[in-house]
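Now for the letters of each chain:
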Amino acid sequence: MKTVLFPAIALLTLVVVLNGCNLEKEIDVPLPDYEEKLVVECYLEEGKPYRMALTESVSYFEGPRLPVVNDAEVTINHGASRIRLNYAVDVDTVYRKAYNYMSNSQASASKGEMYKLEVKDPKGRTVTASARFLPKVAIESVEWRFNKDDFAFLLVKFEDDPSLTNYYRFQIHKDSLNKRDFCGCMYYRH
């Protein structure tokens with residue numbers, strides 16, 4: 001009886017002591033004022049108009065919202081061309097993307113030529129970026145397999161020039177084969 005009583009008393013004492021401790025403490029962490037930044041999402045797609053989404057970042061502690069910037073100067077320069085993108089809302093229902101700046105000019109894939117984006121807003125903030133069209137990669141074959149749990153994997157074969165330091169991003173979003181949805185992304189660097 002003595003051997004059972006001692007551990008029980010020790011355990012009860014430990015619970016009382018720990019319960020009496022105040023293990024919560026509120027800490028005030030001083031944070032700097034949040035500064036909104038410009039957020040740019042722009043794609044160059046051959047044969048499609050130049051389109052871009054321009055918004056502002058939002059503080060982590062703020063409620064969800066999408067602050068659209070509608071009064072910026074936006075240009076894309078390539079070669080001797082200077083294309084101005086004007087504020088106009090465009091929704092791409094096929095790829096489920098929305099844009100708020102666009103041009104009637106269509107992008108042409110000038111291989112190797114640099115495209116430079118410049119964004120300036122009335123608050124004095126600027127964003128610059130550059131990109132170029134890369135040669136298309138010829139896909140030799142695509143093979144998919146399913147396991148017993150309806151998970152799938154894809155094997156995509158293509159030939160890569162080993163003398164180039166380049167990167168590929170391959171995404172699969174949706175497939176109508178057997179009414180299954182695929183979602184995946186593969187990065188490849190030679």
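Heads up: the structure comes first, above all this text.
The following paragraphs examine the structure supplied in this document.

Scoring rules and cut-offs
Residues numbered from 1 in each chain as written. Predicted model: local features only at pLDDT ≥ 70, side-chain atom pairs only at ≥ 80, totals over all residues. Heavy atoms only, no water. Core = buried A, V, L, I, M, F, W, Y, C linked by side-chain atoms within 4.5 Å. Buried < 20%, exposed > 50% of the residue type's maximum accessible area, 1.4 Å probe, protein only. Helix = DSSP H or I, 4+ residues; strand = E, 2+ residues; numbered from the N terminus. Contact = heavy atoms within 4.5 Å. Phe/Tyr/Trp six-rings, centres within 6.5 Å; stacked < 30°, edge-to-face > 60°.

**What about the nonpolar core?**
In terms of nonpolar packing, the biggest core is built from 17 residues, with Met52, Leu54, Val74, Leu85 and Val119 touching the most fellow members. Of all the secondary structure elements, the ones that give two or more residues to this core are β2 (49–56), β3 (73–78), β4 (81–92) and β6 (114–120). The contacts of valine 119, once residues within four sequence positions are left out, are Leu38, Val40, Met52, Leu54, Ala72, Glu73, Val74, Arg125, Thr126 and Val127.

**Focus on the packing of aromatic side chains**
Here the structure, examined in full by the defined rule, presents 3 aromatic pairs. Here the aromatic rings of tyrosine 60 and phenylalanine 61 are separated by 5.2 Å at their centres, their planes lie at 85 degrees, and the arrangement is edge-to-face. The exposure classification of tyrosine 60 matches that of phenylalanine 61, with both residues exposed. Taken together, a centroid distance of 5.7 Å and an interplanar angle of 75 degrees make the contact between tyrosine 87 and tyrosine 101 edge-to-face. With a gap of 14 residues between them, tyrosine 87 in strand β4 and tyrosine 101 in strand β5 (residues 97–106) connect regions that are remote in the sequence. Judged by its relative accessible area of 1%, tyrosine 101 is buried.

**Brief notes about the side chain of threonine 55**
Residue placement: threonine 55 occurs in strand β2. Sequence-distant contacts of threonine 55, defined by excluding residues within four places in its chain, comprise Lys37, Leu38, Val39, Leu66, Pro67, Val68 and Val69.

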